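# Summary of structural features
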Amino acid sequence: MIRLLLLGSTDSSVLIARVLCLLVIVWTGALGIHRIFFSRLSMIPGPWYTAVSDLWILFWGARFKQNSAVHDLFRRYGPIVRAGPRRVILCDLEAVRTAYCIRKLDKSRFYKALLVDGHDHSITAVTETEHKARRKTYSSHYALHEISQFQLRINSCVAKLVEVGCLYMPASIECMHLLRHVFADIVRVTVLGTSPVAVDCWQSAVPDPLCSAVRDFPNWAILHSLLHPLFWKTTGYIPVPRWQKLYSSHDVLVSIVRERLTQLRRDAQSNSITTFDGPEPLMLSMIRRAMSSHTEYLSDNDVVAECTSHLVGGMETSTTTLSFMLWKLSQRTDIVIKLRNELEKLGCSQRSIPHHADLMKRPYLNAFLNEGILITAAVYSSGLRIYGGVSSLLERVVPHQTTCGKKLDELELMGFLLPPGTIVGTQAWSMHRNAEVFPCPDEFDPDRWLPSGDDDHEKERIARMTRYLMPFGAGSRACPGRYQAQMVFRILLATLVLNFDIVADPSETNAKTMALRDAFATRPASEECCLRFVPRCP
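Residues numbered from 1 in each chain as written. Predicted model: local features only at pLDDT ≥ 70, side-chain atom pairs only at ≥ 80, totals over all residues. Heavy atoms only, no water.

## Observations regarding the overall build of the protein chain
Assigned secondary structure in the protein chain consists of 21 helices and 12 strands. Of all 538 residues assigned to the protein chain, the portion counted as buried reaches 49%. Roughly 25,600 Å² of accessible area belongs to the protein chain as shown, and the carbon and sulfur atoms make up 60% of that amount. (Helix = DSSP H or I, 4+ residues; strand = E, 2+ residues; numbered from the N terminus. Buried < 20%, exposed > 50% of the residue type's maximum accessible area, 1.4 Å probe, protein only. Areas by Shrake-Rupley, 256 points an atom, 1.4 Å probe, with all protein chains shown as cover.)

## With respect to the packing of helix 11 (residues 209-226) against helix 15 (residues 300-331)
Contact geometry for helix 11 and helix 15: axes closest at 9 Å, N-to-C directions at 85°. Comparing their axes, helix 15 and helix 11 come out roughly perpendicular. Contacts between helix 11 and helix 15 involve Leu210, Cys211, Val214, Arg215 and Phe217 from the first element and Leu311, Val312, Met315 and Glu316 from the second. (Axes fitted to C-alpha atoms, helices over the stretch in contact; angles between N-to-C directions. Parallel < 35°, antiparallel > 145°, perpendicular 65-115°, else oblique. Contact = heavy atoms within 4.5 Å.)

## Thoughts on empty space enclosed by the protein
Throughout the structure, instances matching the rule amount to 1 cavity of 30 Å³ or more. Of the pockets and cavities examined, the largest cavity occupies roughly 40 Å³. The wall of the largest cavity is formed by Tyr100, Lys104, Leu105, Glu128, Arg396, Ala474 and Arg477. For the lining of the largest cavity, the per-class residue count stands at 3 nonpolar, no polar and 4 charged. (1 Å grid on protein atoms, 1.4 Å probe; cavity = no way out; pocket = protein on both sides within 12 Å on 5 of 7 lines; lining within 4 Å. Points joined across faces, edges and corners; volume = space filled by probe spheres on them. Nonpolar A, V, L, I, M, F, W, Y, C, P; charged D, E, K, R; others polar.)

## Re helix 4 (residues 66-77)
Its 12 residues give helix 4 an end-to-end C-alpha distance of 17 Å, which sits within 8% of 16 Å, the value for a rise of 1.5 Å per residue. Following helix 4 by one or two positions, Gly78 adopts a phi angle in the positive range, close to 110°. (Expected span 1.5 Å × (residues − 1).)

## Focus on the state of the cysteines
Under the criterion given, the structure shown has 0 disulfides. Not part of a disulfide, Cys201 finds its nearest cysteine sulfur in Cys211, a span of 7.9 Å. Given the relative accessible area of 17%, Cys201 is considered buried. Residue Cys530 stays outside any disulfide, its sulfur separated by 7.2 Å from that of Cys529, the closest cysteine. (Disulfide = S-S within 2.5 Å.)

## Concerning the nonpolar core
The biggest cluster of nonpolar side chains holds 136 residues, and the ones touching the most others in it are Phe183, Met283, Leu326, Leu329, Phe368, Leu531 and Phe533. For this core, the element with the highest residue contribution is helix 15, accounting for 13 residues. Setting aside residues no more than four positions away along its own chain, Met283 makes contact with Val191, Leu192, Val257, Arg260, Leu261, Leu264, Val303 and Cys307. (Core = buried A, V, L, I, M, F, W, Y, C linked by side-chain atoms within 4.5 Å.)

## Topic: the packing of helix 14 (residues 282-291) against helix 15
Remark: helix 14 packs on helix 15, axes separated minimally by 11 Å, with the N-to-C direction vectors making an angle of 155°. In terms of axis orientation, helix 14 runs roughly antiparallel to helix 15. Seen along the crossing, helix 14 lies across helix 15 with a hand that is right-handed. Taking contact as the criterion, the partners of Leu282, Met283 and Met286 in helix 14 are, on helix 15, Val303, Glu306, Cys307 and His310. The residue makeup of the contact of helix 14 with helix 15, split by class, is 5 nonpolar, 1 polar and 1 charged. (Left-handed = near helix turned anticlockwise from the far one by under 90°.)

## Brief notes about the sheet that holds strand 8 (residues 423-427)
The 5 strands are arranged 1-2-8-5-3 in an open sheet whose pairing can be described as mixed. Because the sheet does not close on itself, it has two edges, and the strands there are strand 1 (80-84) and strand 3 (106-107). Sheet topology note: the strand 1/strand 2 (residues 87-90) ladder contains 4 bridges and is antiparallel. Counterpart to Arg82 in the pairing with strand 2 is Val88. Packed onto the sheet, helix 4 meets strand 1, strand 2, strand 5 (393-397) and strand 8 and runs at close to 135° relative to strand 1. Across the sheet, helix 5 (residues 93-102) lies against strand 2, strand 5 and strand 8, angled at about 120° from strand 8, the strand it touches most. (Pairing = 2+ DSSP bridges.)

## Side note on the pairing of strand 8
For strand 8, the tally of buried residues reaches 4 of 5 residues, placing the bulk of the element in the interior. Here strand 2 pairs with strand 8 via 4 bridges, running parallel. Residue pairing across strands places Arg87 opposite Ile423, the latter belonging to strand 8. Sheet topology places strand 5 next to strand 8; 5 bridges connect them, and they run antiparallel.

## A word on the pairing of strand 1
Both faces of the sheet carry side chains from a regular strand, because those side chains alternate between them. The buried fraction of strand 1 is high, at 5 of 5 residues. The loop that links strand 1 with its antiparallel partner strand 2 comprises 2 residues.

## Digging into a nonpolar patch on the surface
On the surface, Leu15, Ile16, Val19, Leu20 and Leu23 cluster together into a nonpolar patch covering about 480 Å² of accessible area. As for its placement among the helices and strands, Val19 is situated in helix 1 (residues 2-38). For Val19, a relative accessible area of 40% gives the class partly exposed. (Patch = residues over 30% accessible without salt bridge, like charges linked within 9 Å, V, L, I, M, F, W, Y side chains within 5 Å. Salt bridge = Lys/Arg side-chain N within 4 Å of Asp/Glu carboxyl O.)

## Structural notes on the confidence of the model for the protein chain
Overall, the prediction assigns the protein chain a mean pLDDT of 86, with 90% of residues at 70 or greater. For the protein chain, the element scoring lowest by mean pLDDT is helix 1, at 76; strand 2 scores highest, at 96. Taken together, the stretch residues 1-8 has pLDDT below 50 and engages in 0 contacts with residues farther than four places along the chain or on a different chain. Throughout residues 374-383 the model reports pLDDT below 50, and contacts reaching past four residues in sequence, or to other chains, amount to 34 contacts. (pLDDT = per-residue confidence, 0-100.)

## A look at unusual backbone geometry
The phi dihedral of Ala205 is positive, around 60°, even though this residue is not glycine. Here Ala205 shows up in the loop between helix 10 (198-203) and helix 11. On the accessibility criterion, Ala205 (67% relative accessible area) is exposed. A positive phi angle is found at Glu527, which is not glycine, with a value near 65°. Relative to the helices and strands, Glu527 is located in the loop between strand 11 (522-524) and strand 12 (530-535). What makes Glu527 partly exposed here is its relative accessible area of 44%.

## A short note on the packing of aromatic side chains
Overall, the coordinates contain 13 aromatic pairs when judged by the stated rule. A connected cluster of aromatic rings, assembled from ring pairs, spans Phe217, Trp220, Trp232, Trp243 and Tyr247. The ring of Tyr111 is capped by Lys107, whose NZ or CZ atom sits 4.2 Å from the centre of that ring. The positively charged end of Arg482 is found above the aromatic ring belonging to Tyr483, 5.1 Å away from the centroid. (Phe/Tyr/Trp six-rings, centres within 6.5 Å; stacked < 30°, edge-to-face > 60°. Lys NZ or Arg CZ within 6 Å of the ring centre and 35° of its normal.)

Right, dumping it as C-alpha cells:
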C-alpha cells in the first residue's frame, strides 16, 4: 500500500511538473505573440525577436558590440526601429530634437547604476526638474570665459606630458595609461583645486589612487547594479588583487573627494580662503553656493556626488578619445603635415604651448577636430564623430503625464504613437555615420569640414553635418564640461604635433588592437594604445 502511494505521489509530481512546464511554454508563447502582433508598438519596424525580449540588446552589449549591432538595425529597417518589447531607437534629427530638446523626456532607471555613495548627481537625476536644479550649481563654472582662466594651469599639465615624451623617446608609451594621468591632473586643478601630481606618480611608477579608481568605477557601477547587495558584499572577500582594486574603486574615489571637501569646508568657514590662488575650482564654487541662504539644499553629499561624477566624466572618455586621435595621426602623415604647416604659422617655439584663442582660429586644426571635435564660430557647438567617448544609446522614457500634470496617453514620433513607459533612445554612433549626411562615414576625412567654395550650398552642407553631431549628448542634459574638453584637446593635439613625430609599431598597435569596442563608452579592443613620441629637431 505504501509503495503504491509513493508511486502515485511520484506520478503526481511528474504530472504537476509537466503541467507547469506546459503552462510556462503557453504563457511565454502567448506573451511573445502579443508583443509581436498586438502591442501598441507592433507597427514600428524591426525584427520579431527584438519585440519578444530584451535579450538581443543584452547579448550585443555583453559582447561590447552594441553600437554596431544597433546601427545595423537602422540600415535594415530605417530611422525608427523597435529594439525591445518597450524600447524604440531613433536615428532621425527631428525625432531626436523632439525627445531630447523639446519634450525633454526623463531618463530611464539605467542611469541609477552610477549613483555615488547612494546619492544622485546630474547624471543620475531622472527628471528634467531635478536636473535643472543641479545644473544651476555648476553651469557658471563651465562657461567658456571661466574655463579659459584655467589655461595656464592646464598648460603646466601639458608641459609635463611633453617632458615625458622627450624622456621616454626610445620606447613606446602606453598612451591611455599616461593620458589618464594627464587628465587626472587637469580635473584635480579644475574640479578639486589640488596640485597636479598624477604624471609625477606615473614617472615614478607609483600608482595614483585617483587614476586607478576612475578607471575601474564604470565596471564597478555595472556589477554593483546587477548583483544582489548580499552577493555583492560577499564578492569583497575574493582574494584577487585586481578584483579588490575594482571592488574598492567607488569607496576610494568617494574618500578622495570627501577628504578634499572637508578641507575646503573647514577653510571656508574659517575665512582662510576668501580668495583662491588662481581661478576657483568647481568644488569651492559649490561650497560658496551651499553657504548662501538661497541654496541650502546643496548638502555635502550633493557636492561629493556631483564632483565625483565630474571626475569620472572628465577623465575616462577624454582619455579614450585622445588616444584614438593620436593613433590616427600615427597612421596619416598627410594629416600631420597639414596640421604642422598651419600650426607653425603661429610662430611658437618648440616646447612652448600655443594659446587657445589662437588655436580656435586654425581652420585645419578645427577640421581635424570636426572628425573628433567640431567648433562653429556662430554657436560654439561641438561634436565628436568617429571617436566620441560616449556613443551608445541615451535612454529616455515616455512619461505618463505632461509637465503640467495632465495625463499623457501617447507620444507621437515620426508618425508612430508611443505609449507611456516606452524607452526611447538614440546613439551618437549612428547619428555620426548617416551616409546621407556624411559621405563615406567610416573614413576619417578632416577635409569634409572645409568648404570648397563660398556658395550657400557649401555652407548648408557643413551646417547640416553640424546639426547631426551629438557626442556630448543632446539638449539641456548635454555634458557640462564640453568646452573644457574642447580646449584641452586643442592644446594637447597642437603641442604634440609641433613637438613630436608620433609612431606606432604595427606589432604593438594596429587596426586590430584599435578596433572600436563599446559598452556605454567606446574603447579600443586591446584596452591600450602603445605609441612612440619622437622629438622633432629644432
